[in-house]
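Fold and geometry: a report
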Amino acid sequence: MNADSELPTPLELARTIVEGDGTGPWPQQDGARLALAWALKDICYASWSSEPQRAAVAADALHRLWVDGRADGADTTPPREIGALADWTAGIAQITQGRMNDAAISFDRAAAVFRELGQANHAAQTQVPRIIALTMLGQYDAAVACALATQREFVAQGDMRAAGKVSLNLGNLNMRRDAYAQAAGQYREAAVLFARVGDHELSVMADIGLADALTARGDFDEAMRMYARARMRAERHVLPVLEAMVEESVALLDLARGHYRHALAGLESSRAGYERLAMPLHLAIAEKQLGDAYLELKLLPEALALFDQALLKFESLALPNDHVYPWTLAQRGRVLALMGRHPLADDALARAAERFAAQHNQVGAAAVTLARAELALAGGHAQAACDLAGQAAQAFTATGFGEGHTRAQAVQAHAALQAGRVGDAARWFDTTLVRARELQLLTVQVRCLAGQGLVARERGDDVAAREAFEASIALFEDQRRALPGDDIRGAFLADHLLPYQEVLRLDLAAHARDDAPERAAAVLAQLDRVRARSLSERLAHAPGGGGGDAGHGRDNADTLALRARLNWLYRRTLRLDDDTEAPPALHEELRRGEQALLELTRRQRLGAPTLDEAAIDDHSIPLRSLQDQLAPADALLVYGVLDDELLACLVTREGIAVHRRLAHWPQVIEALRAARFQIETLRHGAAPVRRHLPMLTERAQQRMQALHKLVWAPLAPALGGRGRVMIVPHAQLGSLPFAALHDGQCTLAQRHELALAPSVRLAWRGMVRQPVPAQHALVLGESSHLAHAAPEARLVARLFAQQGGALGEAFVDQRASLANLRAHAHQADVIHLACHAQFREDNPMFSALHLADGALTVEMAQGLRLRPGLVVLSGCETGLAEHGGGDDMVGLVRAFLGAGAARVVASLWPVDDAVTEAFMSAFYGALRAGLSAAAALRLAQGQLMARHPHPFYWAAFTLHGGW
């Protein structure tokens, strides 16, 4: 309150109005109204960087005050000045909302009125934020002209604070033009001016800008010091927008260095901050930058979605000429190129180049040239790639963009090597590695070390090659180890397989020269080094070995609503509730909803603690323990592929044997495709083809014999006396019904007990971690889309209940729900799920078992916490999975193993209802009699084979995790 009066001061009244509904009360006197207008303007300015919503409320209130004054018909100076202030603050609010064109117009209207009123300083002040608006619109020449003219006015008036704001905006402008040296100078000039007048907020902004310029010039350490100071000062002075900006900038620096874990967390934190502050332009830029991180990690569909969303947002904000728009186009082009969509990639890169040229942005133009070099290199056009990368490197050097030059030279080195110019490649790899180490660019270092290994291999220096490849792997593992989530770690690994493959090549060559036991062990270890890594890490990290309720306990309202909508869409698109065909729009909504759910859950992980490095650091195979776990009649068979050669390692109690050149891998794939096609001629029932069944059985057997010759016959002499064989398949071999392989006399099921494991490490884990005794069975049967499910569930429950001391608990139809599964799964030794299942090759994370109240997807199943027991998935194609590019097979089996199950039985194709009932009766009867899961499976298969020789009937079910 005013000391001389009970009336509020103009500032107190302004605060009351802003904190209320923004509609008054208004003073009646012109002088009081004008004082209130200036107070509202001050609140708007003070809130611009800290509370943009508050700034918008102040601007709206000022506009109402002006309109109210105009209604009185007055045209005197105070109402006109209030109108100018209303336009000024409207422009500020429009900037925070991303409406740059409207903002520029508002500022010009305000300036015109102030000049007419003889208020030159105020007119000049309105032009400072106009520089920002013009810059964001891409009108750089106009922005520079405005800035220089405005700064001259301030200097003439002696207003150094305002002159500093112009320097700050000129720095921002030059950053958008990627003129980093000029930007750094202007930020320093601004910082000095703001320090003189004691403006903390603007001084912090100048520090952030200077640190950004230093980052672009490769002075990362000094930039980090500046960011730390800016963050401390922003926190001290309670400037949340500036805190978000610092977080964003530090995250981008971490991204450039290859510190992906910190980059992801920082980008998500700043993005969430902009979302809370309702800053649409900053939010769109943050989403684009998260897309940049996804691109680096090779989450390509996810990156593409973020770039597309960002482009739409920039267009909706009328900012297609801002500097970030062509950068987004360029990044989109890189993603499309990596996805093999070359015409679209060319178009995006051409559009980006055109816009960069219009903006005279040499760094952007060089980035497009580098992207085209990468595209040429991937297409095998080595000389063109080398030339383009060289051009990009020169352009980056001319602009002082050290990071860009280093990345370009790494591409140039790889292109030279591909072109056979080994000497040039060696020189460029060496110099680029030195510079990458100076700049702490980890990803460039990884690629240069791998390149040095390739050079050494070309020169016949195996020792140097191995040293370089192992150094590349070690540095890469440091990056990968900290990444949050299986999907991110798996995608990143798939893009960095080359050094692992090259070490395998060296180990195979060493074994060919000397087949000593340690050489064979080295081949086995390297063959398994990248296999099922994410699953192994999940199991090593989770308490008790289970997956934990990952993510589901933290579902927020948006996630829960999205899950509910997806469940309705699943039932509608699968016709589980309505037999009519769902319109295409629902299928598209389903696809978008699934991606949105994955992104929501992924972002929840970005801020979660990093995995315990001690739990995931050791990927060595405990060979002695592994061999000790094998009985004399046991064998572990591990397949692998290198350069289209199918090879295998056979591990027995006696030792390890390497078997080379089993078959040509494309030939195996074709034979597997033909065999699957032949088996699935019965997919829709035997009735239509019953009279042809003997002929179809013979054809299926012939296909399985052809496959046997390729993948098993070369190993048969070593496997002949082995009663149990655990198989670690490679890629598509995971969908091969090994039990049905036929040698012309009998099937493998008649010779061996078989099981599959995702990797050697997990095979060993399965041997050590035997399943708990099968006493308590949880059985769910949902028959709305799978008629035999409920009767099958009751049968299985009875098989357990008939045994003394056992419990069979059945939930059927509406009670076969996700809720009941979650409530009871943690205490069950056996979980039997009989329901409609769907394998999603297009999106394997959403392969699902459809229960009464929703879909149990891979994404959800891996979050369960299970006892080390047995899970039986009695549905269509529950055993199928999508190969994760050198890491994990993504599917329901992996999800349940990751959740803690010791053994999983799943099907490779839809099985006849009556046959399934007979199979389950035989399988569970044997299991309850004390047989192992592998022995029970073999017995059930044998009984069915005797009555139904066609593999379709008896070979669909496979055992995973161990015997």
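Given the structure is predicted, the values throughout are model-derived calculations rather than measurements. (Residues numbered from 1 in each chain as written. Predicted model: local features only at pLDDT ≥ 70, side-chain atom pairs only at ≥ 80, totals over all residues. Heavy atoms only, no water.)

Looking at the overall build of the protein chain
Rules: Under the scheme used here, helices are H or I runs from DSSP no shorter than 4 residues and strands are E runs no shorter than 2 residues, and both carry numbers assigned from the N terminus. Note on method: radius of gyration uses C-alpha positions; expected globular size equals 2.2 Å times residues raised to 0.38. When accessible area is computed with a 1.4 Å probe and restricted to protein chains, residues below 20% of their type maximum are described as buried, those above 50% as exposed, and intermediate ones as partly exposed. Contacts between residues were defined by any pair of non-hydrogen atoms, one from each residue, lying within 4.5 Å. Accessible surface is estimated by sampling points in the Shrake-Rupley manner with a 1.4 Å probe; for residues, cover comes only from the protein chains shown. Positive: Lys, Arg. Negative: Asp, Glu. His and the chain ends are not part of the count. The atom standing in for a charge is NZ when the residue is Lys, CZ when it is Arg, CG when it is Asp and CD when it is Glu.
Within the protein chain, the regular secondary structure consists of 42 helices and 16 strands. Its C-alpha radius of gyration of 34 Å places the protein chain within 12% of the 30 Å reference for a compact globule of 963 residues. The principal-axis extent of the C-alpha atoms belonging to the protein chain is close to 105 × 70 × 45 Å. In the protein chain, which comprises 963 residues, the proportion classed as buried is 60%. Long-range pairs, those at least 24 residues apart, make up 70% of the contacts in the protein chain between residues at least 6 apart in sequence. When the accessible surface of the protein chain is totalled, it reaches about 36800 Å², and 53% of it is carbon and sulfur. Across the protein chain, the centroid of the 97 positively charged side chains sits 4 Å from that of the 111 negatively charged ones.

Brief notes about the pattern of salt bridges
In plain terms, the rule: Salt bridges are identified by distance alone: a Lys or Arg side-chain nitrogen within 4 Å of an Asp or Glu carboxyl oxygen.
A complete count under the given rule lists 60 salt bridges for this structure. Here Glu458 and Arg457 are joined by a salt bridge, their closest N and O atoms 3.5 Å apart. Exposure remark for Glu458: the relative accessible area of 49% places this residue in the partly exposed category. Of the charged contacts in the structure, one is a salt bridge between Glu680 and Arg676, with a shortest N-O distance of 2.7 Å. A relative accessible area of 13% means that Arg676 is categorised as buried. Via salt bridges that share partners, Glu268, Arg271, Glu275, Glu287, Glu302, Asp487, Glu599, Arg602, Arg603 and Arg605 belong to a single interconnected network.

Points about a nonpolar patch on the surface
Operational definition: Within this analysis, patches are made of residues with over 30% relative accessible area and no salt bridge. Like charges are joined at 9 Å or less; nonpolar side chains (Val, Leu, Ile, Met, Phe, Trp, Tyr) at 5 Å or less.
On the surface, Val155, Met160 and Val197 cluster together into a nonpolar patch covering about 230 Å² of accessible area. With respect to the element layout, Met160 can be found in helix H8 (residues 160–176).

Here we look at unusual backbone geometry
Phi is mostly negative for residues that are not glycine, and the peptide bonds are mostly trans. Positive phi, normally seen in glycine, also occurs at Val238, with a value near 55°. Tracing the backbone shows Val238 in the loop between helix H11 (220–236) and helix H12 (240–257). The residue Gln440 is not glycine, and still its phi comes out positive at about 60°. By secondary structure assignment, the location of Gln440 is in the loop between helix H21 (422–439) and helix H22 (442–458). Given a relative accessible area of 28%, Gln440 falls into the partly exposed group.

Structural notes on the confidence of the model for the protein chain
Regions with low pLDDT should not have their predicted coordinates read in detail. Where we set the bar: On a range of 0 to 100, pLDDT expresses the predictor's confidence in each residue.
Mean pLDDT over the protein chain works out to 90, with 95% of the residues at or above the 70 mark. Long-range and interchain partners of residues 548–553, a stretch whose pLDDT sits below 50, account for 13 contacts in this model, where long-range means more than four residues apart. When the criterion is pLDDT under 50, residues 611–617 qualifies, and its contacts beyond four places in sequence or with other chains add up to 10 contacts.

Focus on the environment of Pro583
As for its position among the elements, Pro583 is in the loop between helix H28 (557–573) and helix H29 (584–606). Here the alpha-carbon distance between Pro583 and Thr573, two residues 10 residues apart in the chain, equals 8.3 Å.

Considering the side chain of Glu594
With respect to the element layout, Glu594 can be found in helix H29. Judged by relative accessible area, Glu594 falls into the buried class, the value being 1%. Sequence-distant contacts of Glu594, defined by excluding residues within four places in its chain, comprise Leu566, Tyr570, Arg840, Asn843 and Phe846.

Details of the pairing of strand E15 (residues 903–907)
Regular strands place side chains that alternate from one sheet face to the opposite one. The test is simple: Only strands joined by at least two bridges in the DSSP assignment are considered to pair.
E15 sits mainly inside the fold: five of its five residues count as buried. Where burial is concerned, the two faces of E15 agree: the one with Arg903, Val905 and Ser907 and the one with Val904 and Ala906 are both buried. Of the strand pairs in this sheet, strand E12 (residues 870–874) and E15 are connected by three bridges, and their pairing is parallel. Bridging across to E15, Val872 finds its partner in Val905. Relative to strand E16 (residues 957–960), E15 runs antiparallel, the two sharing four bridges.

Observations concerning the pairing of strand E11 (residues 854–857)
Pairing analysis gives four bridges linking strand E10 (residues 848–851) to E11, with the strands arranged antiparallel. Paired with Ala848 across the bridge in E11 is Thr857. The antiparallel hairpin formed by E10 and E11 contains two residues in its connecting segment.

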